[in-house]
Amino acid sequence: MSTLKDRLTADMRSALKARDELTTSTLRMALAAVGNAEVAGKAKRELTDDEVLAVLTRESKKRREAATAFADAGRTEQAAKEIAEGEVLDRYLPKQLSDAELTDLVAEALAAGGFTGKAQMGPAMKAAQGAVAGRAEGGRVAAEVRRQLGL
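The rules behind the values
Residues numbered from 1 in each chain as written. Predicted model: local features only at pLDDT ≥ 70, side-chain atom pairs only at ≥ 80, totals over all residues. Heavy atoms only, no water. Helix = DSSP H or I, 4+ residues; strand = E, 2+ residues; numbered from the N terminus. Contact = heavy atoms within 4.5 Å. Buried < 20%, exposed > 50% of the residue type's maximum accessible area, 1.4 Å probe, protein only. Polar contact = N/O pair within 3.5 Å; in protein donor to acceptor, adjacent residues only side chain to side chain. Axes fitted to C-alpha atoms, helices over the stretch in contact; angles between N-to-C directions. Parallel < 35°, antiparallel > 145°, perpendicular 65-115°, else oblique. Left-handed = near helix turned anticlockwise from the far one by under 90°. Nonpolar A, V, L, I, M, F, W, Y, C, P; charged D, E, K, R; others polar. Expected span 1.5 Å × (residues − 1). Domains from an automatic or database assignment. Salt bridge = Lys/Arg side-chain N within 4 Å of Asp/Glu carboxyl O.

(A) Representation of the side chain of E82 in the model. In this fold, E82 is placed in helix 4 (residues 76-90). Setting aside residues up to four positions removed in sequence, E82 forms contacts with R63, A66, A67 and F70.

See the structure below:
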């Protein structure tokens, strides 16, 4: 079992004992998503910490998008709940890169790979995502790669 999954389970149990409903429900939802990812495919398998982190990143992004949708629809109470759930999940995610750090990492990755034009967007994105290693959303990375490639 991955150590991150163990940590999520232990934290959920602690929140349950402390009667922290928001944290308990959010971590239950996250563990359910991890469980679904484990049984996806042909055979059940244990996820690595990186795979659990990817699941948590997806869930956190879902919360941000839902909060925006609820806020746009005027449902502020539901939007606040989604934001709070996202904050609980963010405790388990690596610290996000600042814009300056992202710019530097993408520039280094593009220079190392010698990527220069529009035709090299795919390989450039792969190199940039590898350099960023989950510390920034894909949309932010793609925008920075496009900007630096002059697209």
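(B) Examining the side chain of E59 more closely. Inspection of the secondary structure puts E59 in helix 3 (residues 49-72). Exposure remark for E59: the relative accessible area of 8% places this residue in the buried category. Within polar-contact distance, the side chain of E59 engages the side chain of K62 at 3.2 Å.

(C) Up close: the packing of helix 1 (residues 3-17) against helix 2 (residues 21-39). Interhelical geometry of helix 1 versus helix 2 gives an angle of 150 degrees and a closest axis separation of 9 Å. On the basis of their axis angle, the class for helix 1 and helix 2 is roughly antiparallel. With respect to the hand of their crossing, helix 1 and helix 2 are arranged in left-handed fashion. Every residue of helix 2 that contacts helix 1 at K5, L8, T9, D11, M12, A15 and L16 is listed here: T23, T24, L27, R28, L31, V34 and E38. In the contact of helix 1 with helix 2, the residues fall into seven nonpolar, three polar and four charged.

(D) Structural context of the environment of V55. With respect to the helices and strands, V55 occurs in helix 3. The class of V55 is buried, set by a relative accessible area of 3%. Note: C-alpha distance between V55 and A66 (11 residues apart in sequence) is 17 Å.

(E) Highlighting helix 2. Under the 1.5 Å per step criterion, the end-to-end length of helix 2 is 27 Å for 19 residues, consistent within 8% with the ideal 27 Å. Listed in full, the buried residues belonging to helix 2 are T23, T24, T26, L27, A30, L31, A33, V34 and E38. Against helix 1, helix 3 and helix 4 lie the buried residues of helix 2. Positive phi shows up at G41, right after helix 2, with a value of about 100 degrees.

(F) Looking closely at unusual backbone geometry. At R19, a position not held by glycine, the phi torsion is positive, near 60 degrees. Topologically, R19 is positioned in the loop between helix 1 and helix 2. The exposure class assigned to R19 is exposed, which follows from its relative accessible area of 74%.

(G) Spotlight on the domain arrangement of the protein. As far as domains go, the protein holds domain 1 (3-91) and domain 2 (99-149). Computed over C-alpha atoms only, the centres of domain 1 and domain 2 are separated by 28 Å.

(H) Here's a closer look at the pattern of salt bridges. Counted by the stated rule, this structure contains 13 salt bridges. Note that E38 and K44 form a salt bridge whose closest N and O atoms lie 3.6 Å from each other. When its relative accessible area of 2% is taken as the criterion, E38 is described as buried. E59 is paired through a salt bridge with K62; the nearest N and O atoms lie 3.2 Å apart. In this pair, E59 and K62 both sit in helix 3, three residues apart, roughly one turn of the helix.

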